[in-house]
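# Topology and contacts: notes
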Amino acid sequence: VADDNCLSFQRGYTCKTLVHLNVVGIGTFIYLNLMSNISLFLLSAALCYSNIERRHVASPSVIVIGGGFAGIAAAVALQDASFQVILLESRDRIGGRVHTDYSFGFPVDLGASWLHGVCKENPLAHVIGRLGLPLYRTSGDNSVLYDHDLESYALFDMDGKQVPQELVAKVGEEFESILEETNKIRQEHSEDMSVFRAISMVFERRPDLRFYISWKGLHTRYCSGTYAEWKAGLLQMLIPSRSKAGIRQEELLPGGHGLMVRGYRPVINSLAKGLDIRLNHRVTKIARRYNGVKVTVEGGRTFTADAAIVTVPLGVLKSNFIEFEPRLPDWKEAAIADLGVGIENKIILHFEKVFWPNVEFLGVVAETSYGCSYFLNLHKATSRAVLVYMPAGQLARDIEKMSDEAAANFAFMQLRKILPDASAPIQHLVSRWGTDVNSLGSYSYDKVGKSHELYERLRIPVDNLFFAGEATSIDYPGSVHGAYSTGIMAAEDCRMRVLERYGELDLFQPVTGQDSLVSVPLLISRM
């Protein structure tokens, strides 16, 4: 990577000073080089010329755009493969939608906080294990709630009365029956369909499953609401974590799901050591040519390299804030437009002391999904008096319009519905992934009627532009390990493409990530 005064788009171009020397004549240059009193300036120019003529001496260069897990993984892999790498990050921190905050005096994750698949097959397992970071298991492999166990919930109605645990267990059993029926529908119908339609078809076939849960005035019907709204309360806990349940099978790693007790920051910081990272560099334009790329950031500064890897979130790509010159192909723009972006936020409440039941989750069950909610009890995993309210969908969008104080008060009012004697929090934190210009959403999902292959189309390179991030992971979208894996994949694609162009495949190490490191068992527990 060079500044505006040196290499432009190809290693065959010399610097401006050397161009002037060539005008004088190469013979004069050689003569001056043999003089015993040659100046330092001309010696530097000669060395520059020598390096350009012997292209294999200079390493290929890459610009990585975005400092989340995908960008960091790509940068590390390429730097290890002897590439010159600069990483441009728009925020004043690395991590992207992984953000561990320490303002309470201890770590809490405002973004991603789970390792989905606590096993050696998880590409992040060796990093987490090597750092000795503990995890707290919140579910096993076969939980109907994906990363939670239904048995770990305490559910309450709007009057603060706890739903009997036997009723909760019964609901879980019934819902598993519903999921089995949706799988049959998936096998019988080739067309795509929504969760609402799939479950409605189940109720038409199996009227015995079309029921209301009734307990002292509590009514929750399964066939109400949209997927985004179902991410709350009792029904929220039972709907799978993808927008097309029963239509395609979720790719899941074994080992269940573990909460990062100390947050994800130690992981991202460990990976990023030794990288050339430029914070507060918001990219506004990416110009690609056959022989290189030119990246412009706010303020007008430019960076040039042989190739670039784009790892910004899908929401940022959708916003068209970054100008591509020339425009991306129609098929790439269609992939960006047709993939969906979901929103889930966290309102983290820190209390002086614990006053709630010793369970992992507290759920509010109401007649409407908007009235439902749930709280993650971090005290179980971290011994801190913290509850995390996690709104999603339209509710999350509406809360983002509030101030932090109003949002925290809204969450506290939801808590008071089930625990009327709850004491007020002493501190709070509020995430705003939907309106944050650096993310414009929390995670990607495939829309009803759109192909799941869109993830792969978003990943496919365009000339010397490569793409990575959770929205390019066809197997593990919406996950940290999915993002990390695509970074490694993009780095290898980039390495092959660049070195093939320069005929230097034998001179540089292949991209391996850190798979060759000795595996260290993960430290996971549950109380």
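Given the structure is predicted, the values throughout are model-derived calculations rather than measurements.

## What about the nonpolar core?
Counting residues in hydrophobic clusters, the biggest one holds 45 residues, and the most contacted among them are Phe69, Tyr264, Val267 and Ile309. Counting residues per element, the ones that place at least two in this core are strand 1 (61-65), helix 4 (69-80), strand 2 (84-88), helix 5 (125-131), helix 10 (265-272), strand 15 (307-310) and helix 17 (480-502). In terms of residues, this core owes the most to one element, helix 17, which gives 10 residues. Leave out the neighbours within four places in its chain, and Tyr264 touches Phe69, Val98, Thr100, Asp109, Ala112, Ser113, Trp114, Leu115, Leu124 and Val480.

## Digging into the UniProt feature "transmembrane region" (unreviewed entry) in the protein chain
In the numbering adopted here, UniProt assigns the feature "transmembrane region" (unreviewed entry) to residues 29-49 and 61-78. Helix makes up 56% of residues 61-78 and strand 28%, whereas the separation of the span's terminal C-alpha atoms amounts to 9 Å.

## Focus on the confidence of the model for the protein chain
Predicted confidence across the protein chain gives a mean pLDDT of 80, with 75% of residues reaching 70 or more. In the model, residues 1-57 has pLDDT below 50 throughout and makes 66 contacts with residues more than four positions away in sequence or in other chains. pLDDT under 50 marks residues 212-249. Its contacts with residues more than four places away, or in other chains, come to 128 contacts.

## Digging into helix 14 (residues 393-400)
Those residues of helix 14 lying buried are Gly393, Leu395, Ala396, Ile399 and Glu400. Taken down its axis, helix 14 places every buried residue within 150 degrees of arc, on the same side.

## A few points about the UniProt feature "binding site: FAD" (unreviewed entry) in the protein chain
Sites flagged by UniProt as "binding site: FAD" (unreviewed entry) map to Val283. By relative accessible area, Val283 is classed as buried at 6%. Sequence-distant contacts of Val283, defined by excluding residues within four places in its chain, comprise Ile65, Leu88, Val295, Thr296, Val297, Phe321 and Ile322.

## Some points on the pairing of strand 17 (residues 339-342)
Judged by which residues are buried, strand 17 turns out to be covered on both faces: Leu339 and Val341 on one side and Gly340 and Gly342 on the other are all buried. Two strands pair when backbone bridges link them, and strand 17 and strand 23 (residues 443-446) are joined in this way by 4 bridges, in the antiparallel orientation. Note that in strand 23 the partner of Val341 across the bridge is Ser444.

## Overview of the environment of Val127
Relative to the elements of secondary structure, Val127 occurs in helix 5. Using a relative accessible area of 0% as the deciding quantity, one classes Val127 as buried. Counting along the chain gives 140 residues from Val127 to Val267, while the straight-line C-alpha distance between them is 6.9 Å. In this structure, Val127 is in contact with Val267, Leu271 and Tyr484, ignoring residues within four places of it in sequence.

## Observations concerning helix 12 (residues 330-338)
Here helix 12 has its buried residues at Lys332, Ala335 and Ile336. The buried residues of helix 12 occupy one face: seen down the axis, they fall within an arc of 95 degrees. Along its buried surface, helix 12 packs onto helix 11 (314-319), strand 17, helix 16 (454-459) and strand 24 (465-467).

## Quick word on the sheet that holds strand 22 (residues 427-430)
Spatially, the 6 strands line up as an open sheet ordered 7-19-20-21-18-22, and their pairing is mixed. Each of the sheet's edge strands pairs with one partner strand only, and the pair in question is strand 7 (153-156) and strand 22. With direction set aside, neighbouring strand axes in the sheet form an average angle of 20 degrees. When strand 7 meets strand 19 (residues 361-364), the two strands line up parallel, connected through 4 bridges. Directly across from Tyr153, in strand 19, lies its bridge partner Phe361.

## Comments concerning the packing of aromatic side chains
Counting across every chain of the model gives 10 aromatic pairs. Pairing Phe351 with Trp356 gives two aromatic rings, centres 5.4 Å apart and planes at 65 degrees, and the pair type is edge-to-face. Classification of Trp356 as buried rests on a relative accessible area of 7%. When the ring of Phe355 is compared with that of Trp356, the centres are 4.9 Å apart and the planes differ by 85 degrees; the resulting orientation is edge-to-face. Take Phe355: its relative accessible area is 25%, and that puts it in the partly exposed class. Sitting above the plane of the Phe467 ring, Lys332 keeps its charged end 4.0 Å from the centroid.

## A closer look at the packing of helix 4 against helix 17
It is the contact of helix 4 with helix 17, at a shortest axis distance of 7 Å, that shows an interaxial angle of 35 degrees. Between helix 4 and helix 17 the crossing geometry is right-handed. Across the interface between the two elements, Phe69, Ala70, Ala73, Ala74, Ala77 and Leu78 from helix 4 touch Val480, Ala483, Tyr484, Thr486, Gly487, Ile488, Ala491, Cys494 and Arg495 from helix 17. Per-class residue counts for the contact of helix 4 with helix 17 are 12 nonpolar, 2 polar and 1 charged.

## Points about the sheet that holds strand 15
One open sheet holds the 5 strands; their spatial order is 11-2-1-15-24, and the pairing between them is parallel. Unpaired on one side and paired on the other, strand 11 (277-278) and strand 24 mark the two borders of the sheet. Where strand 15 and strand 24 come together, 3 bridges link them in parallel fashion. Bridge assignment links Ile309 to a residue of strand 24, and that residue is Phe466. Along the sheet, helix 4 contacts strand 1, strand 2, strand 11 and strand 15; its crossing angle with strand 2, the most-contacted strand, is approximately 165 degrees.

## Brief notes about the pattern of salt bridges
Per the stated rule, a full pass over the model turns up 18 salt bridges. With a shortest N-O distance of 2.1 Å, Arg205 and Glu188 are connected by a salt bridge. Here Glu188 lies in helix 6 (residues 165-188) and Arg205 lies in helix 7 (residues 195-205), a separation of 17 residues in the sequence. Close ionic contact of Arg282 with Glu298 constitutes a salt bridge, the shortest N to O distance being 3.6 Å. With Arg282 in the loop between strand 11 and strand 12 (283-289) and Glu298 in the loop between strand 13 (292-297) and strand 14 (302-305), this pair connects stretches of sequence that are 16 residues apart. One salt-bridge network, in which partners are shared between bridges, spans Glu181, Lys184 and Arg206.

Calculation criteria
Residues numbered from 1 in each chain as written. Predicted model: local features only at pLDDT ≥ 70, side-chain atom pairs only at ≥ 80, totals over all residues. Heavy atoms only, no water. Core = buried A, V, L, I, M, F, W, Y, C linked by side-chain atoms within 4.5 Å. Buried < 20%, exposed > 50% of the residue type's maximum accessible area, 1.4 Å probe, protein only. Helix = DSSP H or I, 4+ residues; strand = E, 2+ residues; numbered from the N terminus. Contact = heavy atoms within 4.5 Å. UniProt positions renumbered as here; feature names shortened; annotations may be inferred. pLDDT = per-residue confidence, 0-100. Arc of directions from axis to C-beta. Pairing = 2+ DSSP bridges. Axes fitted to C-alpha atoms, helices over the stretch in contact; angles between N-to-C directions. Phe/Tyr/Trp six-rings, centres within 6.5 Å; stacked < 30°, edge-to-face > 60°. Lys NZ or Arg CZ within 6 Å of the ring centre and 35° of its normal. Left-handed = near helix turned anticlockwise from the far one by under 90°. Nonpolar A, V, L, I, M, F, W, Y, C, P; charged D, E, K, R; others polar. Salt bridge = Lys/Arg side-chain N within 4 Å of Asp/Glu carboxyl O.

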